[in-house]
Amino acid sequence: MKSKIFFLAIALCMSSTIITAQDIRQDEVPSLVINNFKKKFPKAKDIEWEYKKTYYNVEFEIGFFTDFEAWYDRSGKLIKYSEEISKRELPKVIQDNIKTNYKNYKIDDVEKVTENEKITYHIEIEKGNDEINLKFLENGILI
């Protein structure tokens, strides 16, 4: 009985993953989405598309290993996009906030997220095994 429940649980997990996000080929993406993507990110390489609920999600690179991710609705409208950046590219006010309020933590990962012309920074900091995810507005306010 336990083994049946175990295999049923695995099957449910796998099917929920399939339902929520599916890798798709570029020719399965609406032309409006593709055209708007190419206009916004003409130098994109290593492009991978997924369909998540009601959005088309695309992961890609620009330049040498700069990772991006963008979300489009079915009409081709860009909803938001994120870009991995270095900690040196963080606004000074955010760097100062982290130095002051999170002593002995080191900045690990940084993403710059643009949504509706509004920029936020998603930052992972760590100290030993302790990790904290922070989200800042451009002006340095923690949200």
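Residues numbered from 1 in each chain as written. Predicted model: local features only at pLDDT ≥ 70, side-chain atom pairs only at ≥ 80, totals over all residues. Heavy atoms only, no water.

(A) Geometry of the pattern of salt bridges. Scanning the entire structure with this criterion turns up three salt bridges. Between Asp27 and Arg25 there is a salt bridge, with the nearest N and O atoms lying 3.1 Å from each other. The exposure class of Arg25 is exposed, given its relative accessible area of 53%. (Salt bridge = Lys/Arg side-chain N within 4 Å of Asp/Glu carboxyl O. Buried < 20%, exposed > 50% of the residue type's maximum accessible area, 1.4 Å probe, protein only.)

(B) The arrangement of the nonpolar core in detail. Among the nonpolar cores identified, the biggest contains 15 residues, and Phe37, Phe41, Trp49, Phe60 and Tyr72 are the most heavily contacted of them. Breaking this core down by element, the ones donating at least two residues are α2 (31–40), β3 (55–62) and β4 (66–72). Once residues within four sequence positions are removed from consideration, Phe60 is found in contact with Phe37, Phe41, Ala44, Lys45, Asp46, Ile47, Thr66, Asp67, Phe68, Glu69 and Ala70. Among the nonpolar cores identified, the runner-up in size contains 14 residues, and Ile98, Tyr105, Ile107 and Ile119 belong to it. (Core = buried A, V, L, I, M, F, W, Y, C linked by side-chain atoms within 4.5 Å. Helix = DSSP H or I, 4+ residues; strand = E, 2+ residues; numbered from the N terminus. Contact = heavy atoms within 4.5 Å.)

(C) Here's a closer look at the packing of aromatic side chains. Per the stated rule, a full pass over the model turns up 10 aromatic pairs. When the centroid spacing of 4.8 Å and the interplanar angle of 55 degrees are considered together, the rings of Phe41 and Phe60 count as tilted. One end of the pair, Phe41, is in the loop between α2 and β2 (45–52); the other, Phe60, is in strand β3, and 19 residues separate them in sequence. The class for Phe60 is buried, based on a relative accessible area of 2%. Between Phe60 and Phe68, the ring centres sit 5.3 Å apart and the planes meet at 10 degrees, which makes this aromatic pair stacked. The exposure classification of Phe60 matches that of Phe68, with both residues buried. (Phe/Tyr/Trp six-rings, centres within 6.5 Å; stacked < 30°, edge-to-face > 60°.)

(D) Examining the side chain of Thr120 more closely. Counting through the fold element by element, Thr120 comes out in strand β7 (residues 118–127). For Thr120, a relative accessible area of 8% gives the class buried. Here the side chain of Thr120 touches His122 through a polar contact of 3.2 Å, side chain to side chain. Residue contacts for Thr120: discarding those within four places in its chain leaves Glu111, Lys112, Val113, Lys135, Phe136, Leu137 and Ile143. (Polar contact = N/O pair within 3.5 Å; in protein donor to acceptor, adjacent residues only side chain to side chain.)

(E) Expanded view of a negative patch on the surface. On the surface, a cluster of negative charge is made up of Glu84, Asp108, Asp109, Asp130 and Glu131. At the level of elements, β6 (106–115) and β8 (130–137) are the ones that each hand at least two residues to the negative patch. Along the polypeptide, Asp108 turns up in strand β6. Accessibility expressed as a relative area gives 37% for Asp108, which makes it partly exposed. (Patch = residues over 30% accessible without salt bridge, like charges linked within 9 Å, V, L, I, M, F, W, Y side chains within 5 Å. Areas by Shrake-Rupley, 256 points an atom, 1.4 Å probe, with all protein chains shown as cover. Lys, Arg positive; Asp, Glu negative; His and termini not counted. Charge placed at Lys NZ, Arg CZ, Asp CG, Glu CD.)

(F) Structural detail: the side chain of Asn97. Along the chain, the position of Asn97 falls in helix α3 (residues 92–101). Asn97 gets classed as buried once you look at its relative accessible area, which sits at 17%. At 2.8 Å, the side chain of Asn97 and the side chain of Asn101 are in polar contact. In contact with Asn97, not counting residues within four places along its chain, are Tyr102, Phe136 and Gly140.

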